[in-house]
Amino acid sequence: MAIRQLRMREDEILRKQCKEVKKFDEKLGILLDDMYDTMTKAEGVGLAAPQVGILKRVVVIDIGEGKIELINPEIIETSGTQKGAEGCLSFPGLFGEVERPNYVKVKAQDRTGRWFIAEGEELLARAICHECDHLNGHVFTEKVTKYLDN
């Protein structure tokens with residue numbers, strides 16, 4: 001697969017709303033594979049399509065427990081809160097404290113278009129929320145309560 005170029009900080013694509021995926025084809029599979037390889041090479045735990053210049057509702061996550069692919073994700077339930085350090089592959093070297101839900105339930109489609117429900121707590125909940133924010137044109141710096149030294 002290919003390593004795609006990451007969009008950085010002030011790139012306007014990071015502030016745009018992504019479009020729903022309607023076509024579940026080989027091109028989508030290539031995008032998902034490329035995104036996963038790009039995320040892994042950059043040593044990240046999540047990556048959203050706008051971070052590689054694609055305005056589609058596509059996310060990949062791996063917090064060390066295996067690959068998760070979320071297409072057209074919709075957060076349908078959250079509970080609790082957690083505060084913790086957060087960074088972003090599009091903002092290298094920048095870390096800040098962000099408050100997120102401690103639990104999240106998301107409805108999404110897989111690469112074949114089949115709907116499923118995924119749940120996550122702690123780091124996985126944080127990653128899902130962070131990546132879904134990207135799909136809506138939001139970046140983590142909007143939620144930072146204080147910046148941290150790295």
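Owing to the predicted nature of the structure, the values given are computational and were not obtained by experimental measurement. (Residues numbered from 1 in each chain as written. Predicted model: local features only at pLDDT ≥ 70, side-chain atom pairs only at ≥ 80, totals over all residues. Heavy atoms only, no water.)

Enquirer: Help me out: how do you make sense of the packing of aromatic side chains in this one?
Expert: For any two aromatic rings, the description comes down to two numbers: the centre-to-centre distance and the angle of the planes. Throughout the structure, instances matching the rule amount to one aromatic pair. Between Phe91 and Phe140, the aromatic rings sit 5.7 Å apart at their centres with planes inclined by 80°, giving edge-to-face as the arrangement. Residue Phe91 is found in the loop between β4 (82-86) and β5 (95-100), and its partner Phe140 is found in the loop between α2 (123-135) and β8 (144-148); the two are separated by 49 residues along the sequence. Sitting over the ring of Tyr36, Lys67 keeps its end group 4.7 Å from the ring centre. Directly above the ring of Trp115 sits Lys107, whose terminal nitrogen or CZ lies 4.9 Å from the centroid. (Phe/Tyr/Trp six-rings, centres within 6.5 Å; stacked < 30°, edge-to-face > 60°. Helix = DSSP H or I, 4+ residues; strand = E, 2+ residues; numbered from the N terminus. Lys NZ or Arg CZ within 6 Å of the ring centre and 35° of its normal.)

Enquirer: It is not clear to me how the nonpolar core should be interpreted in this structure. Could you clarify?
Expert: Nonpolar side chains in soluble globular proteins generally cluster together in the buried interior. Ranked by size, the top nonpolar core spans 17 residues in total, and within it Val59, Ile61, Leu70 and Ile128 carry the most contacts. Elements supplying a minimum of two residues to this core: β2 (58-61), β6 (103-109), β7 (115-121) and α2. For this core, the element with the most residues is α2, which contributes seven residues. Residue contacts for Ile128: discarding those within four places in its chain leaves Ile61, Leu70, Ile75, Val104 and Val106. Membership of the second largest hydrophobic core comes to 15 residues, among which are Val21, Leu31, Leu47 and Leu89. (Core = buried A, V, L, I, M, F, W, Y, C linked by side-chain atoms within 4.5 Å. Buried < 20%, exposed > 50% of the residue type's maximum accessible area, 1.4 Å probe, protein only. Contact = heavy atoms within 4.5 Å.)

Enquirer: Looking at this structure, how should I read the pattern of salt bridges?
Expert: It is possible for side chains of opposite charge to pair when their charged atoms get near one another. Per the counting criterion, the structure on display carries 12 salt bridges. Linking Lys16 and Glu12 is a salt bridge whose minimum nitrogen-to-oxygen distance equals 3.5 Å. With a relative accessible area of 36%, Lys16 lands in the partly exposed category. Assessed through its relative accessible area of 55%, Glu12 is described here as exposed. In this structure, the salt-bridge partner of Glu69 is Lys67, at a minimum N-O distance of 3.9 Å. Relative accessible area serves as the criterion here: at 15%, Glu69 is assigned to the buried category. A network of salt bridges, in which partner residues are shared, links Glu86, Arg100, Arg126, Asp133 and Lys143. (Salt bridge = Lys/Arg side-chain N within 4 Å of Asp/Glu carboxyl O.)

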